[in-house]
Amino acid sequence: MQKSYKWKVVTAFAVATLVLAGCSSSSDTASEETATDTASEEAAPASTGPLKIGSLLPETGNLAFLGPPEFAGVDLAVKEINDAGGVLGQPVEHIRGDSGDTSTDIAQQTADSHIAAGVGAIVGAASSGVSLTVIDKITGAGIVHFSPANTSPDLTTYADNGLYFRTAPPDTFQGAVLGQLMAKNGATNAVFLNLDDAYGNGLAKYGIAAFSGTSTQVVYNPQAAEFSADVAKAKAAKPDAIALIGFDETTKVLTELIKQGIGPNKVKTYLVDGNLSSQAYKDLPKNIMKGVKATLPGVLTSDELKQRLLGVDPKLTDFSYAPESYDAVVLIALAAEQGKGTDGKTIAANLASVSSGGTKCTTFKECKDLIAAGTDIDYDGVSGPVEFDANGDPSVATMGVYEYSANDKFAPKADQFITGAVPAQQ
Amino acid sequence: MRNRRSAITSRRKLTSGVPVAGALIMVATILTSIFGFAGFASAATPTYIQGTLVDAAKQPLPGVGVSATGPNNFVGEATSDSQGKWKIEVPAAAVYQVSINQEQLPSGQALTDPTRATIKANVISLGFDVTILFPIGPGVKKATNVERGAQLLADGLILALVIALAALGLNLVFGTTGLTNFAHGELLTLGGLLTYYLSAIAGLKVIFAIPLAVLLSALIGGYLQDKFLWQPLRRRGTGLIAALIVSIGLAILIRYFFLFIFGGDTRQLPEYAGQAGLSLGLVSITPKSIITSSIGLVMLVGATIWLSRSHMGKASRAVSDNPALASSSGIEVERVIRAVWILGATLASFAGIMVTVNQGVSFVMGQDLLLLIFAAVTLGGLGTINGALIGSLVIGVSIQLSTLFIPTELKYVGALVILIIILLVRPQGILGKKGRIG
């Protein structure tokens with residue numbers, strides 16, 4: 001009986017471990033408040049030490065392909081700011097950090113280590129789901145949480161003490177463009193196949209709202225072992241257009257779509273910012289991605305900016321969200337410069353002011369000189385005009401429409417950059 | 001679990017209180033920004049809300065009125081032309097209400113959804129026309145549950161086979177040594193990664209890379225793993241719980257080692273990626289899937305026969321029943337355990353290869369399947385060979401078929417509910433022996 005008792009314990013333990021593993025990614029928000037309260041008390045008002053910026057960007061996980069351009073954007077901005085004399089006369093320090101994805105706990109550890117290092121602002125995360133797991137911790141510590149790529153509408157009205165900002169527009173905008181684009185291209189019966197998280201559900205909701213034909217939503221778990229049932233449900237709707245809203249797992253979804261006979265060669269397929277990649281689909285059958293369209297927030301990345309980014313990271317192949325990351329860092333630096341303080345509260349208080357109303361300027365050096373002369377500035381960045389509304393969201397944004405010409409090549413469609421006011425939530 | 005629940009409720013509280021105020025502010029900002037941008041707006045090209053009215057057979061419907069209303073008392077009207085086309089020019093970027101005059105539709109024609117006679121059109125930017133569809137006719141007939149069910153059953157059987165290949169080894173190791181191996185999922189990833197490296201990097205043909213990857217997995221994941229890790233632990237008399245924790249640590253270590261060398265993305269093999277399916281009646285299935293499944297089935301049946309007929313197989317069952325008695329009756333227990341590890345690693349690596357060939361390889365591939373493998377083993381009966389097979393079949397098929405009734409993002413839930421119900425009735429699993437657990 002001794003042995004069978006042991007087995008019982010082992011089984012119970014095994015089940016408990018699996019349950020715990022399942023919970024770990026989302027169980028952290030509750031315990032944070034106590035930890036962060038003490039941290040905010042310690043933060044001295046209007047600190048004037050060197051500006052420290054921590055990055056919380058994906059080196060690993062299902063958005064890892066977005067990491068290199070975003071890091072390059074941050075690195076380039078820091079380099080150019082320091083070349084122009086730094087902030088408050090001192091060089092800006094960039095502390096790199098990995099955000100992982102929602103299935104790992106890396107973002108928590110990175111945020112903790114940034115907070116311990118006394119950063120004034122954290123740039124990240126790429127995934128809205130990841131940002132939602134650390135936003136309480138970061139904003140509770142009085143640090144600016146600035147994402148270059150979050151697009152979930154949930155973050156617009158989140159209680160963030162006025163410390164959360166982003167240069168990417170919420171998906172009320174991308175959803176509207178995506179849905180209208182599909183209708184314009186002649187789709188009448190669309191399927192929106194989206195991953196089950198804040199980003200996927202939000203973008204699909206606004207895409208469906210803007211698409212005036214018949215639409216079917218199929219939601220999938222991105223950690224599923226395979227996607228045949230999800231694709232079978234999409235196929236049952238007999239769609240003439242499919243919008244794929246997801247991250248890295250889109251490759252697996254695409255192979256399943258092709259298998260069940262509704263691949264991009266048979267049904268018009270649309271991608272979004274989360275899966276627009278030049279690397280992910282290169283091994284799929286030749287030219288199967290040809291004609292696939294995608295939406296990506298931001299103005300066209302100029303060749304000149306691409307060259308500057310390549311100077312920081314010569315291995316870059318995609319530039320998604322590099323301009324937004326660059327602008328995030330420049331805006332943080334300008335806000336610190338104008339507020340004469342490198343702590344989170346000072347930066348947050350000045351971000352709206354440096355982004356709108358005043359003399360327009362487009363580089364850190366130009367803006368800094370204007371600030372030194374006592375002029376109110378309006379920074380227009382490489383990602384667009386950047387004007388923050390009261391929620392820290394851009395109120396005006398630009399959406400680009402891209403089209404694949406081969407599996408590993410996509411280019412913006414001629415005059416398909418749509419600039420307008422970001423629609424309100426419904 | 002308590003933590004988690006409170007986290008969810010607190011988040012809900014945070015979001016639910018603010019939206020009204022937030023939305024008001026948002027509307028205010030948008031209004032200001034619209035007027036702020038009126039400067040470049042007026043200079044832009046004429047902008048239309050437009051559409052084409054067609055019936056279910058795609059025939060145009062002329063002479064139907066469509067109207068749009070918008071801010072500043074804007075009213076625009078249009079009638080569909082001989083091709084069913086209509087368009088209304090709008091003066092500014094704003095939200096318009098577009099309505100169709102249903103009474104002007106020819107007799108016998110009606111909107112698919114009569115409640116959608118008025119649709120909101122958000123003109124984001126001047127120059128970007130908005131197309132508004134008024135679907136007319138009965139709408140597209142969705143596939144029936146029978147049609148969808150056939151596809152789901154076929155994919156369920158393939159998933160069941162993958163789970164069974166992995167579960168058999170896990171169950172054998174548990175039966176002979178008592179170890180609940182949480183690092184078993186990494187054996188699947190090992191098989192997939194080796195196939196990727198041998199084909200995409202070393203340049204071998206995939207059909208040669210696969211057997212080589214299986215052999216290497218059996219050597220590294222079976223023979224070497226047992227020889228240098230688990231056998232020394234057994235010799236030192238490490239307790240089962242300590243060994244379980246070691247396996248969890250090992251799983252994390254190996255997973256992040258894979259991440260370090262392979263990266264975080266999903267990659268496809270250089271051949272057979274994105275193969276189109278053959279349409280066999282109601283079912284689409286790829287040739288590569290038919291071939292890998294057939295090989296997997298042969299391996300599974302072969303392993304089962306080997307376990308029930310061969311000397312070594314019988315010995316392994318003797319060891320699972322009672323190691324001390326087996327040892328004293330002349331069975332070399334350590335040799336049997338080594339054989340079981342090698343067999344388990346071989347089968348698991350092929351399960352990983354099946355997944356890799358069919359949808360690509362990533363470093364978390366094994367972890368994604370581990371929960372299902374454990375569910376299958378527990379359902380069938382811990383430590384029993386046929387139990388693992390039956391458990392896999394139930395889990396694999398019920399995951400897929402349950403999506404006919406529950407949302408796809410919850411597809412694992414249906415299978416796990418079945419697991420809980422069966423365990424309530426038969427705590428030892430479907431084929432487990434009663435005395436073994438209780």
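Residues numbered from 1 in each chain as written. Chains lettered and ligands numbered in written order. Predicted model: local features only at pLDDT ≥ 70, side-chain atom pairs only at ≥ 80, totals over all residues. Heavy atoms only, no water.

### Focus on the overall build of chain B
Check the secondary structure of chain B and you find 15 helices and nine strands. For chain B, buried positions account for 50% of its 438 residues. Here chain B displays about 19,900 Å² of accessible surface, and carbon together with sulfur accounts for 66% of that area. (Helix = DSSP H or I, 4+ residues; strand = E, 2+ residues; numbered from the N terminus. Buried < 20%, exposed > 50% of the residue type's maximum accessible area, 1.4 Å probe, protein only. Areas by Shrake-Rupley, 256 points an atom, 1.4 Å probe, with all protein chains shown as cover.)

### Some points on the pairing of strand β3 (residues 74-79) of chain B
One face of the sheet, then the other: side chains in a regular strand alternate in exactly this way. Residue and element names in this part refer to chain B. Across the two faces of β3 the burial differs, with F74, G76 and A78 buried and V75, E77 and T79 not buried at all. Sheet analysis places strand β2 (residues 65-70) next to β3, joined by six bridges and oriented antiparallel. Bridge assignment links G65 to a residue of β3, and that residue is T79. Hairpin connection between β2 and β3: a loop of three residues separates the two successive antiparallel strands, and N72 in this loop has a positive phi of roughly 60°. (Pairing = 2+ DSSP bridges.)

### Here's the deal with the pattern of salt bridges
Counted by the stated rule, this structure contains 19 salt bridges over all chains. A salt bridge links D369(A) to K365(A), with the shortest nitrogen-to-oxygen separation between them at 3.6 Å. Here D369(A) and its partner K365(A) are both found in helix α13 (residues 364-372), four residues apart, which amounts to about one turn of the helix. Linking R234(B) and D226(B) is a salt bridge whose minimum nitrogen-to-oxygen distance equals 3.2 Å. What makes R234(B) partly exposed here is its relative accessible area of 24%. Taking the relative accessible area as the measure of exposure, D226(B) reaches 0% and is therefore buried. One salt-bridge network, in which partners are shared between bridges, spans D226(B), R234(B), E334(B) and R338(B). (Salt bridge = Lys/Arg side-chain N within 4 Å of Asp/Glu carboxyl O.)

### Here's the deal with unusual backbone geometry
Going from G124(A) to A125(A), the amide bond is cis rather than trans, its omega being -10°. Among the structural elements, A125(A) can be located in the loop between β3 (121-124) and α5 (128-140). Positive phi, normally seen in glycine, also occurs at N72(B), with a value near 60°. Relative to the helices and strands, N72(B) resides in the loop between β2 and β3. In the Ramachandran plot, N73(B) falls in the positive-phi region, its phi being about 55° despite a non-glycine side chain.

### Quick notes on a nonpolar patch on the surface
A cluster of nonpolar side chains, namely L410(B), V413(B), V417(B), I420(B), I421(B), L424(B) and V425(B), defines an oily patch on the protein surface of about 670 Å² accessible area. Structurally, L424(B) is set in helix α14 (residues 411-425). (Patch = residues over 30% accessible without salt bridge, like charges linked within 9 Å, V, L, I, M, F, W, Y side chains within 5 Å.)

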